[in-house]
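Results of the structural survey
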Amino acid sequence: MFEQYKITYGFDALEPYMDAETVETHWGKHHVTYTTNFNKAVEDAGLTGKSVEEILGNLDAVADEAKRTALRNNGGGFYNHNLFFEELTPGGSKEPTGELADMINGTFGSFDELKEKMTALAIGQFGSGWAWLEKDAEGNLFVSKSGNQDNPISLGTGHTPILTIDVWEHAYYLKYKNLRPSYVEAIWNLINWDIVAAKYNS
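What counts, and where the lines are drawn
Residues numbered from 1 in each chain as written. Predicted model: local features only at pLDDT ≥ 70, side-chain atom pairs only at ≥ 80, totals over all residues. Heavy atoms only, no water. Axes fitted to C-alpha atoms, helices over the stretch in contact; angles between N-to-C directions. Helix = DSSP H or I, 4+ residues; strand = E, 2+ residues; numbered from the N terminus. Parallel < 35°, antiparallel > 145°, perpendicular 65-115°, else oblique. Left-handed = near helix turned anticlockwise from the far one by under 90°. Contact = heavy atoms within 4.5 Å. Nonpolar A, V, L, I, M, F, W, Y, C, P; charged D, E, K, R; others polar. Pairing = 2+ DSSP bridges. Buried < 20%, exposed > 50% of the residue type's maximum accessible area, 1.4 Å probe, protein only. Core = buried A, V, L, I, M, F, W, Y, C linked by side-chain atoms within 4.5 Å. Salt bridge = Lys/Arg side-chain N within 4 Å of Asp/Glu carboxyl O.

Packing of helix H4 (residues 98–108) against helix H5 (residues 111–124) leaves a shortest axis separation of 8 Å and a crossing angle of 70°. Comparing their axes, H5 and H4 come out roughly perpendicular. The handedness of the crossing between H4 and H5 is left-handed. Within the contact between the two elements, H4 uses Ile104, Asn105 and Phe108 and H5 uses Phe111, Glu113, Leu114 and Lys117. Residue classes in the contact of H4 with H5 are distributed as four nonpolar, one polar and two charged.

Here's what the structure looks like:
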């Protein structure tokens, strides 16, 4: 059975950038629902025992369209939110260091340029979706965006996500209303780059 990532901070710990009601609703209701529905979809499709990465990376192998859609939507929601909530923290490194920092500088020019690119992707995503920082098997870095609950794995890129920004309205609307750019700018104050670096180096 797949388990939701357990946040290690209180609902109000991400203030003033993310309010307690949003964290409680987003993690405690939306994420819970995706986790519950994904477990059901996995059982219905006869895929118990496979990892979420295996399932999302091989959706085309599921012949039944309804079962495939349930796996894509709920599996993506489960995976994406696990990554999102794990990388948010009231403490931790605020900028990349070490090998990850070197790769960011070599790929994008600077940390600030990476932030600008990801911010633009997050703000520019039409409707619900995500912005991503991802790596390939050789450790090269890429940025992208995806709609709904898709991610680089379900889209078949062969890349592994190491950082994401959730731009579904439920991620920010209680505090920021329609001001998505303000929310995206605030998110950068909450990312723990120690966690992102660990994912890059894994």
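Still more ground to cover, so stick around.
In spatial order, the strands read E2-E1-E3; together these three strands make up an open sheet with antiparallel pairing. Where the open sheet ends on each side, the last strands, each with one partner, are strand E2 (141–147) and strand E3 (160–166). Going across the sheet, the axis of each strand differs from the next one's by a mean of 25°, ignoring polarity. One ladder, built from six bridges, connects strand E1 (residues 129–135) with E3; its direction is antiparallel. Residue pairing for E3: Lys135 is matched across the bridge by Thr160.

Turning to the environment of Ala198, a few remarks are in order. Checked against the element boundaries, Ala198 lands in helix H8 (residues 193–201). We classify Ala198 as partly exposed; its relative accessible area is 47%. Sequence-wise, Ala198 and Ala13 are 185 residues apart; in three dimensions their C-alpha atoms are separated by 23 Å.

To continue, consider the nonpolar core. Ranked by size, the top nonpolar core spans 42 residues in total, and within it Met18, Leu100, Leu133, Ile165, Tyr183 and Trp193 carry the most contacts. Going through the elements one at a time, helix H1 (20–44), helix H3 (65–87), H4, H5, E1, E3, helix H7 (180–187) and H8 are the ones with two or more residues in this core. Excluding anything up to four places from it in sequence, Leu133 contacts Phe108, Leu114, Met118, Leu141, Phe142, Val143, Thr160, Pro161, Ile162, Leu163 and Trp193. Membership of the second largest hydrophobic core comes to 14 residues, among which are Phe2, Phe38, Leu59 and Leu71.

Considering all chains together, one arrives at three salt bridges under this definition. The closest approach of N and O atoms between Lys40 and Asp44, which form a salt bridge, is 2.9 Å. Within this pair, Lys40 and its partner Asp44 are both found in helix H1, separated by four residues, close to a single helical turn. Judged by its relative accessible area of 40%, Asp44 falls in the partly exposed class.

Limitation: the analysis is restricted to geometry and does not speak to function.
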